[in-house]
Amino acid sequence: MDTYLENKNMIDGQVKPLSNIEPSILEALYNIDRKDYIPDNFKDFSYSEKNIYLGNGRYLPKPAITAKLLSALEVETLETVLIIGSATGYSAAITSKIAETVICIEEDLDLITFSESIANSNSINNIVFINNKLSIGYMDQGPYSCILIEGGIEEVPSIILDQIAEGGRLVTVIIQNDAGSAIKYSRKNNQINSQFLFSIEAPSLKSFEKAKKFKF
């Protein structure tokens, strides 16, 4: 079976049956071969329904997670999207089919090198990869109308909430008591509001772990 059919079967089986998947996200998924965004030693798992471990405590979330979070973000054309923890650049490639510009923040230099090479080989020229600490985002180009923190975190740091533009939104997975919830944060009248969207499990991003308090 060729990769086009394998990719299509992955989407038809894992993503299309899900509720509330944006048509634009679904179309982008069909036009992006997930296998391109998997390092060579993990390519056998390209279309599997699992989170792929990339090393150094990082995972590429399974397709359903990426599709649901991006759909919840409701990306529109001409928007600039900030993706924090972009891993191999798969979600960035999907978003690039809709948004005007995608800015990706990554701490892992190997992942940035890999992501840039794949984006270049696929002639995607509206993605910028930046090496920066995940937990601080990227204020230089903010504020942003769309922010995705692609992974499970304990809380969104205030420095990142400050990067949401008026009328903008941020989507991530908040983990509490080992349970994950997709949460959408939005800014209206300069106030941040949060909305529970749905329960979901996602690989955690260690960079966002809160410092543990010692008991004396």
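Our structure's up above, just so we're on the same page.
The text that follows walks through the structure, step by step, so that each part is easy to find.

### Digging into the nonpolar core
Inference 1: Leu29, Tyr90 and Ile94 are the most contacted members of the largest nonpolar core, which totals 49 residues.
Inference 2: Of all the elements, helix α3 (residues 63-73) adds the most residues to this core, at six residues.
Inference 3: Core analysis: the second largest hydrophobic core is formed by 21 residues, Leu82, Ile103, Val156 and Ile160 among them.

### Focus: the sheet that holds strand β4 (residues 101-106)
Inference 1: Ordered by their spatial adjacency, seven strands build an open sheet running β5-β4-β3-β6-β7-β8-β9, and the pairing between neighbours is mixed. Edge strands, defined here as strands with exactly one partner in the open sheet, are β5 (127-131) and β9 (191-199). On average, each strand axis in the sheet is inclined to that of its neighbour by 20 degrees, with strand direction left out of account.
Inference 2: Strand direction decides the pairing type here: strand β3 (residues 80-84) and β4, joined by five bridges, are parallel. Note that in β4 the partner of isoleucine 83 across the bridge is cysteine 104.
Inference 3: Lying on the sheet, helix α5 (residues 109-121) is in contact with β4 and β5; it crosses β5 at an angle near 165 degrees.

### Here we look at the packing of aromatic side chains
Inference 1: Per the counting criterion, the structure on display carries two aromatic pairs.
Inference 2: The interplanar angle of 55 degrees and the centroid separation of 6.0 Å between the aromatic rings of tyrosine 37 and tyrosine 90 together place this pair among those described as tilted. One end of the pair, tyrosine 37, is in the loop between α2 (23-31) and β1 (52-55); the other, tyrosine 90, is in helix α4 (residues 90-96), and 53 residues separate them in sequence. Just as tyrosine 37 is buried, tyrosine 90 falls in that class too.
Inference 3: Note that lysine 50 overlies the ring of phenylalanine 45, its terminal NZ or CZ placed 4.6 Å from the centroid.

### Overview of the pattern of salt bridges
Inference 1: In this structure the tally under the stated criterion is five salt bridges.
Inference 2: Where lysine 184 meets glutamate 74, a salt bridge forms, and the shortest distance between an N and an O atom there is 2.9 Å. With lysine 184 in strand β8 (residues 179-188) and glutamate 74 in the loop between α3 and β3, this pair connects stretches of sequence that are 110 residues apart.
Inference 3: Here lysine 184 falls in the buried class, since its relative accessible area comes to 12%.

Scoring rules and cut-offs
Residues numbered from 1 in each chain as written. Predicted model: local features only at pLDDT ≥ 70, side-chain atom pairs only at ≥ 80, totals over all residues. Heavy atoms only, no water. Core = buried A, V, L, I, M, F, W, Y, C linked by side-chain atoms within 4.5 Å. Buried < 20%, exposed > 50% of the residue type's maximum accessible area, 1.4 Å probe, protein only. Helix = DSSP H or I, 4+ residues; strand = E, 2+ residues; numbered from the N terminus. Pairing = 2+ DSSP bridges. Axes fitted to C-alpha atoms, helices over the stretch in contact; angles between N-to-C directions. Contact = heavy atoms within 4.5 Å. Phe/Tyr/Trp six-rings, centres within 6.5 Å; stacked < 30°, edge-to-face > 60°. Lys NZ or Arg CZ within 6 Å of the ring centre and 35° of its normal. Salt bridge = Lys/Arg side-chain N within 4 Å of Asp/Glu carboxyl O.

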